[in-house]
Amino acid sequence: MQVYTLVIELGRREGDGLPKGATGAGLVCYAPGKDEAEAVRETVAILKQAEMAPLDVTGYGTLEERLAEGHEIDDEERALMQRALDENSVIIAQMTPWFGDRPEDTAH
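Chemist: Hey, could you go over helix α3 (residues 75-87) for me, with residue numbers and the actual values?
Modeler: An α-helix turns once per 3.6 residues; consequently, residues spaced three or four apart project the same way. Spanning 13 residues, α3 covers 18 Å between terminal C-alpha atoms, matching the ideal 18 Å at 1.5 Å per step. Among the residues of α3, those classed as buried are E77, L80, M81 and A84. The buried residues of α3 all sit within an arc of 100° when viewed along its axis, so they share a single face. Within α3, the exposed residues directed more than 90 degrees away from the buried face are D75, E76 and D86. Contacts made by the buried residues of α3 are with β1 (2-11), β2 (24-33), α2 (63-68) and β4 (91-98). With a side-chain oxygen positioned 3.2 Å from the backbone nitrogen of E76, the residue opening α3 is D74. Looking at the residues trailing α3, positive phi occurs at N88, about 50°.

Right under this line is the structure:
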C-alpha cells in the first residue's frame with residue numbers, strides 16, 4: 001500500500017458544504033491504495049458519500065515519485081501522508097473554494 005497525492009476539482013451539489021456563492025472547489029488529498037487507480041476510486045467514492053461533486057482528479061504520484069520529480073515536500077506534508085497510510089484513510093489536506101476565478105470560468 002502506498003499513499004498518492006491527488007488534486008480533485010469539485011463542482012457544486014446541494015448539501016456539499018461549500019461557501020455560498022462558490023462555483024466549486026479544489027482539494028488536495030492524500031489517499032492510500034495498492035495503485036493510483038484504487039486511490040482515485042476510493043477518494044471519489046468517499047467524496048460522493050459526503051455529498052460532494054468530484055469532476056476531475058489529477059494524480060501526482062507517491063512520495064518517492066514526487067521527490068524524483070523535484071517536488072519539495074515539507075515535514076507537515078510527509079506527516080499527513082503517513083497518517084493516511086497509518087489510518088488507511090483519505091486525508092484532505094487543503095480545500096480552496098472557487099468564486100468564478102478559475103481560468104476556464106473567465107475565458108471567452
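Chemist: Could you give me a rundown of the confidence of the model for the chain, with the residues and numbers involved?
Modeler: Residues at a pLDDT of 70 or more form 93% of the chain, whose mean pLDDT is 91. The spread of mean pLDDT over the elements of the chain runs between helix α4 (residues 103-106), the lowest at 46, and α3, the highest at 97.

Chemist: A description of the nonpolar core should follow, citing residues and the corresponding values.
Modeler: Counting 13 residues, the largest nonpolar core has L6, I8, L10, L27, L47 and M52 as the members making the most contacts within it. Looking at this core, the elements that each hand over two or more residues are β1, β2 and α1 (36-49). Counting residues in hydrophobic clusters, the runner-up holds eight residues, among them V3, Y30, L80 and I91.

Chemist: Account for the pattern of salt bridges, naming residues and giving values.
Modeler: The tally for this structure, following the rule as stated, stands at three salt bridges. Ionic pairing is found between D16 and R12, a salt bridge with its closest N-O pair at 2.9 Å. Look at D16 and you get buried, because its relative accessible area is 6%. By relative accessible area, R12 is classed as partly exposed at 37%. Between E87 and R83 there is a salt bridge; the shortest N-O distance is 3.2 Å. One end of the pair is E87 and the other is R83, both in helix α3 and four residues apart, which spans about a single turn.

Chemist: So, the environment of L85: which residues are in play, and what are the values?
Modeler: Examined against the element boundaries, L85 turns out to sit in helix α3. The class for L85 is partly exposed, based on a relative accessible area of 34%. The spacing of L85 and E65 is 20 residues in sequence and 16 Å in space, taken between C-alpha atoms. Apart from the residues within four sequence positions on either side, L85 is in contact with M1 and V3.

About the cut-offs
Residues numbered from 1 in each chain as written. Predicted model: local features only at pLDDT ≥ 70, side-chain atom pairs only at ≥ 80, totals over all residues. Heavy atoms only, no water. Helix = DSSP H or I, 4+ residues; strand = E, 2+ residues; numbered from the N terminus. Expected span 1.5 Å × (residues − 1). Buried < 20%, exposed > 50% of the residue type's maximum accessible area, 1.4 Å probe, protein only. Arc of directions from axis to C-beta. Contact = heavy atoms within 4.5 Å. Polar contact = N/O pair within 3.5 Å; in protein donor to acceptor, adjacent residues only side chain to side chain. pLDDT = per-residue confidence, 0-100. Core = buried A, V, L, I, M, F, W, Y, C linked by side-chain atoms within 4.5 Å. Salt bridge = Lys/Arg side-chain N within 4 Å of Asp/Glu carboxyl O.

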